[in-house]
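One-letter residues, chain by chain:
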Amino acid sequence: MIRTEISLFLKNQPGELAQLSELLAGQGINIDAITIQDASAYVQSLFEARGKSLKRLASSASYSSMKRDSAQFALIRMVVNQPESAIELLREKDFLFDSKEVVSVDITNQPGEFLKVTRKLAEAKININYVYGSVSDSDGKCLFIFCPEDVQTAADFFKDGY
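Quantities reported herein were computed from a predicted structural model and do not represent experimental measurements.

I'd like a rundown of helix H1 (residues 16–26), residues and numbers included.
For H1, the full list of buried residues reads Glu16, Leu20 and Leu24. Buried residues of H1 fall within an arc of 70° about the axis and therefore sit on the same side. Facing away from the buried surface of H1 by more than 90 degrees, the exposed residues are Ala18, Gln19, Glu22, Ala25 and Gly26. Residues of H1 that are buried sit in contact with strand E1 (2–11), strand E2 (31–38), strand E3 (73–80) and helix H4 (83–92). At the C-terminal side of H1, Gly28 shows a positive phi close to 75°.

In structure tokens:
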């Protein structure tokens, strides 16, 4: 299923994630899946990509400073049950965020099930840029969020399950 992922930056300090969670919960918005990472790795990947494809836009010292400063922030990626409402709320509260389409797949929580999904994408030559998931008990389902290069084609593979 195609879902909307929201990406935003928060200060990397105690209480920031709790405030975001409270804001969303206060409007009845549930976080279905979430991943958090130090933003410096994300910034570094942007710089590496720029170095391969674009002219240098700033000095090396500027890049180093930006990478160091970015460790003060966390990159949050999340999928929520009401993305339009969440986007409107984040916009009203002046959050800096972005949204994009991703593919969500409910996977049985058993050995080899994740393999079935990733192998199907590999056989179709669909690259996975990143993936994150949630895990339930061993008898339940797990929700995994995939960011493939071709969202629609990947989603079509799993419209009837995997």
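The rest of the description comes next.
Before we move on, could you go through the pairing of E1 and cite the residues and values that matter?
As paired strands, E1 and strand E4 (residues 97–108) are joined by seven bridges and run antiparallel to one another. In the sheet register, Leu8 faces E4, and the bridge partner there is Phe97. Where E1 and E3 come together, seven bridges link them in antiparallel fashion. In the sheet register, Glu5 faces E3, and the bridge partner there is Val79.

A description of the packing of aromatic side chains should follow, citing residues and the corresponding values.
Across all of its chains, the model carries four aromatic pairs by this definition. Aromatic pair Phe114 and Phe144: ring centres 4.9 Å apart, planes at 45°, arrangement tilted. Highlighted residues: Phe114 in helix H5 (residues 113–123) and Phe144 in strand E6 (residues 141–148), separated in sequence by 30 residues. For Phe114, a relative accessible area of 32% gives the class partly exposed. Aromatic side chains Phe114 and Phe146 sit 6.0 Å apart centroid to centroid with 20° between the ring planes, which places their arrangement in the stacked category.

Could you give an account of the nonpolar core, with specific residues and numbers?
If you look at the biggest cluster of nonpolar residues, it comprises 14 residues, and the most contacted ones within it are Ile6, Leu8, Leu20, Leu24 and Met78. Counting only elements with at least two residues in this core, the list comes to E1, H1, E3 and H4. Contact partners of Leu24, with chain neighbours within four places excluded, come to Ile29, Ile31, Met78, Ala86 and Leu89. Of all hydrophobic cores here, the second largest spans 13 residues; its members include Val103, Val117, Ile126 and Ala155.

So what's going on with the sheet that holds E2? Residues and values would help.
Strand order in the open sheet formed by six strands is E2-E3-E1-E4-E6-E5, with antiparallel pairing between adjacent strands. Each edge of the open sheet is held by one strand with a lone partner, namely E2 and strand E5 (128–134). Ignoring strand direction, the axes of neighbouring strands in this sheet form an average angle of 30°. Taken together, the six bridges between E4 and E6 define a ladder with antiparallel strand orientation. Residue pairing for E6: Val105 is matched across the bridge by Phe144. Strands E1, E3 and E4 of the sheet are contacted by H4, whose axis makes an angle of about 25° with E1.

Could you give an account of unusual backbone geometry, with specific residues and numbers?
Although it is not a glycine, Asp94 sits at a positive phi angle of roughly 60°. By the element assignment, Asp94 lies in the loop between H4 and E4. The backbone phi angle of Lys125 is positive, close to 60°, even though this residue is not glycine. Checked against the element boundaries, Lys125 lands in the loop between H5 and E5.

Procedures and definitions
Residues numbered from 1 in each chain as written. Predicted model: local features only at pLDDT ≥ 70, side-chain atom pairs only at ≥ 80, totals over all residues. Heavy atoms only, no water. Buried < 20%, exposed > 50% of the residue type's maximum accessible area, 1.4 Å probe, protein only. Helix = DSSP H or I, 4+ residues; strand = E, 2+ residues; numbered from the N terminus. Arc of directions from axis to C-beta. Contact = heavy atoms within 4.5 Å. Pairing = 2+ DSSP bridges. Phe/Tyr/Trp six-rings, centres within 6.5 Å; stacked < 30°, edge-to-face > 60°. Core = buried A, V, L, I, M, F, W, Y, C linked by side-chain atoms within 4.5 Å. Axes fitted to C-alpha atoms, helices over the stretch in contact; angles between N-to-C directions.

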